[in-house]
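What follows is the residue order along each chain.
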Amino acid sequence: MRLVLYSIKSKIVIFAVIATLLPTISLSLLSFKQNEALISDSVTRELRILADNTNRQLDQWAEENMLAIRALSTSSPVIEGLTTLKQFSDSKSASAVKQTQSVMASYLRSVQIKLDEVLELTVFDATRKIVASSSTSTPEVREPPEQWTHTSLTSGTIAIPPAWNDRFATATISIIYPVLSYDSQLIGAIAATLDLGTFESRLAEIKKFSSGEIVLLDQHGKVLLGSAPGVDHQAVLSPHQWELIQMFDEPISYDGLSYPKAIGLAHTSENIPVTILVEQDHSAIQAAWIKLRNRFLEFVSILIIIVTAVALYMGHSIVTPLKQLINAVKGIVEGNLDIYLPAKRRDEVGQLTDIFNQMTRALRNKHIEIMTANQAMQQQNQLLQKLSITDGLTGLYNRTKLDTILSEQLARFKRHDRPFCLLMIDIDYFKTINDKLGHIVGDRILVTVASVLLKSIRTIDYAARYGGDEFVVILTETNSSAAIKTAERIRAEVNSACLAFKEHPAHITLSIGITQSYYDDITPNDLIARADAALYEAKESGRDRVHCADA
Ligand SMILES: Nc1nc2c(ncn2[C@@H]2O[C@H](COP(=O)(O)OP(=O)(O)OP(=O)(O)O)[C@@H](O)[C@H]2O)c(=O)[nH]1
C-alpha cells in the first residue's frame, strides 16, 4: 500500500487529478453560482414582466369601463332624470318622482344589458340616496362615502374596493362617477358594479406569453380571481404571508395559491385597489437548479475519469520501462550481463534505456577482459605451483616436495601399518662423464634417468631429484624385497637407455641404496640417512649395484 502511494504512477495520477480538479471545480463553482444567480434573475424578470403586463391590462380594462360609465353620467336620461327628481323633491309629487325613477331604471337596464362587464347600474341623488337601479332587487353597490361630493369633484371617479359577491358568484368592483347638471352643478352619481371575472379571459391571454400564474387579491389577501384553472376563490393568504408579500419588492418563496410551493412577486395596482400576485412553481425552478447541479456533477465526474485515465496511461508509459530497467539492473547485480533492453522511445526514458544498454555492453567487455586475465593468472599460478614442487631439468618432484611426501608416507605407514621403501639412486662417475661428454650430454643423461624412473614405477609411487646426479624413489606399500627387484629393473633399464644414445652412446651405471620404513623413524631424514648409508655401501662395494640397508 505504502509502495503504491509512493510510486511514480500514483504521484502522477494524484498530481493530475488535483491540478485539473482545483481550477475546474473553482471555475465550475463560479459558473454554477453565476448560473444560479441567472436562474434567480430570470425568474425575477419573468415575474416582473408578468406583473407589469397584468397591471397594464387591468388599467386598460378599468379605463374602458370608466369611459363607458363617464359617458353614461353625461347621458340625457340620467341628467334630466336627476334634475327632474331634484325639482320634484320640493313639490312632493310622489307619483311624478316614481315615474321619473321608473323611466331612469328602464334606461339603466337597457344600458346594462349592452355592457358585458357591468352587472348593475345604480343612480344616487346629491344626498347619496339611491334613486334608480338596473337591478330589480336591492342594489349590491354600497352608498358612496360621505365625502364623495368633494372627492368626486377633484378626482372624478370613486372605486369601491373589490370583493367576492355571492349573489353574482363572481368578484365585483364598483365605480362611482359624478353626474353634473347642464349648468355643471353636482346633482348625483352613477355607480356601476363591474364583473371582475370578465378579466379572467385577459389573464389567460397574458399568461400565454410567459410562464407562471396570476392571482388578483383583495385588500385582505383573499383571492378574487386567478389565471390557473380551478383557482380556489375561498383561498386566502395567511396574515404572515400576506404581510411578507407586501413588504418585499423581490420574489419570495411561500405556500402558493396556484402551486403547492411557489416563488411570487406582488404588485399593487395604482388605479384599482387590487393586488396582483404573480407566481412560479418553486419545484420547476428547483428542477432547473437540480438539472444544472447534475450537469455540473456529470461534467466533473467525466473530467475526473478522463484525467485519471490519461494520468494512468502517462504513469504506465513511464513506470513500465523503469520497472524493466529495475529488473535488468537486478539481473546485472545477480551476474547476468547478457541483457539488452529494446529502446523504442525517443524521450528521456528512451535515452536512459540507450545508456543502460551501452553500460551493460561496456560491463560485458570488461567482464570478458577480467575473465581472460583471471584465466591467464590461474594458469600462471598453476605453473608456479608446479615449478615450486618440481625440478626444472627433469620434471620430477624437487627436494622440498620430497620432504612433504616422505612426512605424509611416514604418517600413513604408522597409521595403517603398511611399509614403504625409499631408493636413493646415484649415477656412477658422473663427473667423469660430464667431463668427457660435456655438460649438455650430462643433462640428457639426467633427463633419461628421470624418464626411466617414471616409467619403472606405479602411479602410486613417487620419483624426485634429490640433487646433482642423485635421485630418490618412494615405493608405497612395498617391502624391501619387492623394492630390490624394482631397483634392479631400474638399474638395467637406465643402462640400456643410455647405450641407445645416437651420437654419444654412454655406458651408465647406477648405485642404489634401499631402506624400508621403520616405526622408529621420526623424520624423513631418518629414512634418507639410512638409504644414503646403503648407497654408500653400494658405491664402496664396487658401484653398479643395489644395496639394501635392511638385508
Ligand atoms: N651435466 C650436469 N652435471 C651436473 C649437474 N649437477 C651436478 N653435476 C655434476 O655431477 C657430478 C657429481 O659428481 P659426484 O657424484 O661428486 O662424483 P662422481 O663423479 O659421480 O663419482 P661417484 O659418485 O663416486 O661415482 C659433478 O661433477 C657435478 O658437476 C647437472 O645438473 N648437470
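Since the structure is predicted, the reported quantities are computational estimates derived from the model, not experimental observations.

Asks: Summarise empty space enclosed by the protein; cite the residues concerned and give the values.
Replies: Following the criterion strictly, the structure yields one cavity of 30 Å³ or more and no others. The computed volume of the largest cavity comes to approximately 50 Å³. What lines the largest cavity is Gln409, Arg412, Phe413, His416, Arg418, Phe420 and Glu477. Of the residues contributing to the lining of the largest cavity, the split by class is two nonpolar, two polar and three charged.

Asks: Explain the pattern of salt bridges residue by residue, including any values.
Replies: One pass over the structure, following the stated rule, counts 17 salt bridges. One salt bridge in this structure joins Arg167 and Glu120, with 3.7 Å as the shortest N-O distance. Remark: Glu120 occurs in strand E1 (residues 118–125) and Arg167 occurs in the loop between strand E3 (158–165) and strand E4 (170–180); sequence separation between them is 47 residues. You can call Arg167 partly exposed: its relative accessible area is 40%. Take Glu120: its relative accessible area is 0%, and that puts it in the buried class. Note that Lys208 and Glu205 form a salt bridge whose closest N and O atoms lie 3.1 Å from each other. One end of the pair is Lys208 and the other is Glu205, both in helix H6 (residues 200–208) and three residues apart, which spans about a single turn. On the basis of relative accessible area, Lys208 is assigned to the exposed category, the value being 60%. Glu205 sits in the partly exposed class, given a relative accessible area of 41%. The network of salt bridges with common partners includes Arg412, Arg418 and Glu477.

Asks: Hey, could you go over the sheet that holds strand E6 (residues 213–217) for me, with residue numbers and the actual values?
Replies: Sheet architecture is open: five strands sit in the order E7-E6-E10-E9-E8, paired in antiparallel fashion. Both edges of this open sheet fall to strand E7 (223–226) and strand E8 (252–254), since each of them pairs with a single strand only. Neighbour to neighbour, the strand axes of the sheet diverge by 35° on average, direction disregarded. Where E6 meets E7, three bridges bridge the pair, whose relative direction is antiparallel.

Asks: Just give me the short version of helix H10 (residues 399–416), but keep the residues and values in it.
Replies: Between its first and last C-alpha atoms H10 spans 25 Å; for 18 residues at 1.5 Å apiece the expected length is 26 Å, and the two agree. Residue Asp417 follows H10 closely and has a positive phi angle near 60°.

Asks: Which residues make up the nonpolar core, and what values do they have?
Replies: By size, the foremost hydrophobic cluster in this structure holds 47 residues, and its most contacted members are Leu82, Leu121, Ile190, Leu216 and Val278. Of the residues forming this core, the biggest block, ten residues, is contributed by helix H2 (residues 8–73). Not counting residues within four places of it along the chain, the set of residues in contact with Val278 comprises Leu47, Leu50, Ala51, Glu213, Ile214, Tyr254, Ile263, Gly264 and Leu265.

Asks: An account of the packing of aromatic side chains is requested, with residue identities and associated values reported.
Replies: Applying the stated criterion to the full structure yields four aromatic pairs. One aromatic cluster in this structure is built from Phe413, Phe420 and Tyr519. For Arg399, the ring lying beneath its charged end belongs to Tyr466, and the centroid distance is 3.9 Å. Taking the ring centre of Tyr397 as reference, the NZ or CZ of Lys401 above it sits at 5.8 Å.

Asks: Quick one: what's the story with the site of the ligand, residue by residue and with numbers?
Replies: Residues in contact with the ligand amount to 16 residues; listed here are only the nearest, Tyr429, Lys431, Asn434, Asp443 and Arg543. Take Asp426: an N or O atom from its side chain is 3.3 Å from an oxygen atom of the ligand. Its free accessible area being 650 Å², the ligand has 66% of it covered by the protein chains. Mapped onto the shell around the ligand, the elements with two or more residues apiece are strand E11 (421–427), helix H11 (430–437) and helix H12 (439–456). Per element, the largest residue contribution to the shell around the ligand is four residues, and it comes from H12. The residue makeup of the shell around the ligand, split by class, is four nonpolar, four polar and eight charged.

Asks: Quick rundown of the pairing of E11? Include the residues and the values.
Replies: Counting buried residues in E11 gives seven out of seven residues, a clear majority hidden from the surface. Burial along E11 is two-sided: Cys421, Leu423, Ile425 and Ile427 and Leu422, Met424 and Asp426, pointing in opposite directions, are all buried. Inspection of the sheet shows E11 paired to strand E13 (residues 470–475) by six bridges, in the antiparallel sense. Note on E13: the bridge partner recorded for Leu423 is Val473. Bridge count for E11 against strand E14 (residues 510–516) is seven bridges, and the pairing is antiparallel. For Ile425, the partnering residue across the bridge sits in E14 and is Ile512.

Asks: Hey, could you go over unusual backbone geometry for me, with residue numbers and the actual values?
Replies: Across the chain, the bulk of peptide bonds are trans and the bulk of non-glycine residues have phi less than zero. Even without glycine at this site, Asp417 takes up a positive phi of about 60°. One can find Asp417 in the loop between H10 and E11. Owing to a relative accessible area of 49%, Asp417 belongs among the partly exposed residues under this scheme. We note that Asp544 has phi near 45°; this positive angle belongs to a residue other than glycine.

Criteria and cut-off values
- Residues numbered from 1 in each chain as written.
- Predicted model: local features only at pLDDT ≥ 70, side-chain atom pairs only at ≥ 80, totals over all residues.
- Heavy atoms only, no water.
- 1 Å grid on protein atoms, 1.4 Å probe; cavity = no way out; pocket = protein on both sides within 12 Å on 5 of 7 lines; lining within 4 Å.
- Points joined across faces, edges and corners; volume = space filled by probe spheres on them.
- Nonpolar A, V, L, I, M, F, W, Y, C, P; charged D, E, K, R; others polar.
- Salt bridge = Lys/Arg side-chain N within 4 Å of Asp/Glu carboxyl O.
- Helix = DSSP H or I, 4+ residues; strand = E, 2+ residues; numbered from the N terminus.
- Buried < 20%, exposed > 50% of the residue type's maximum accessible area, 1.4 Å probe, protein only.
- Pairing = 2+ DSSP bridges.
- Axes fitted to C-alpha atoms, helices over the stretch in contact; angles between N-to-C directions.
- Expected span 1.5 Å × (residues − 1).
- Core = buried A, V, L, I, M, F, W, Y, C linked by side-chain atoms within 4.5 Å.
- Contact = heavy atoms within 4.5 Å.
- Phe/Tyr/Trp six-rings, centres within 6.5 Å; stacked < 30°, edge-to-face > 60°.
- Lys NZ or Arg CZ within 6 Å of the ring centre and 35° of its normal.
- Near = heavy atom within 4 Å.
- Polar contact = N/O pair within 3.5 Å; in protein donor to acceptor, adjacent residues only side chain to side chain.
- Areas by Shrake-Rupley, 256 points an atom, 1.4 Å probe, with all protein chains shown as cover.

Everything listed here is a matter of coordinates, which is why it stays silent on function.
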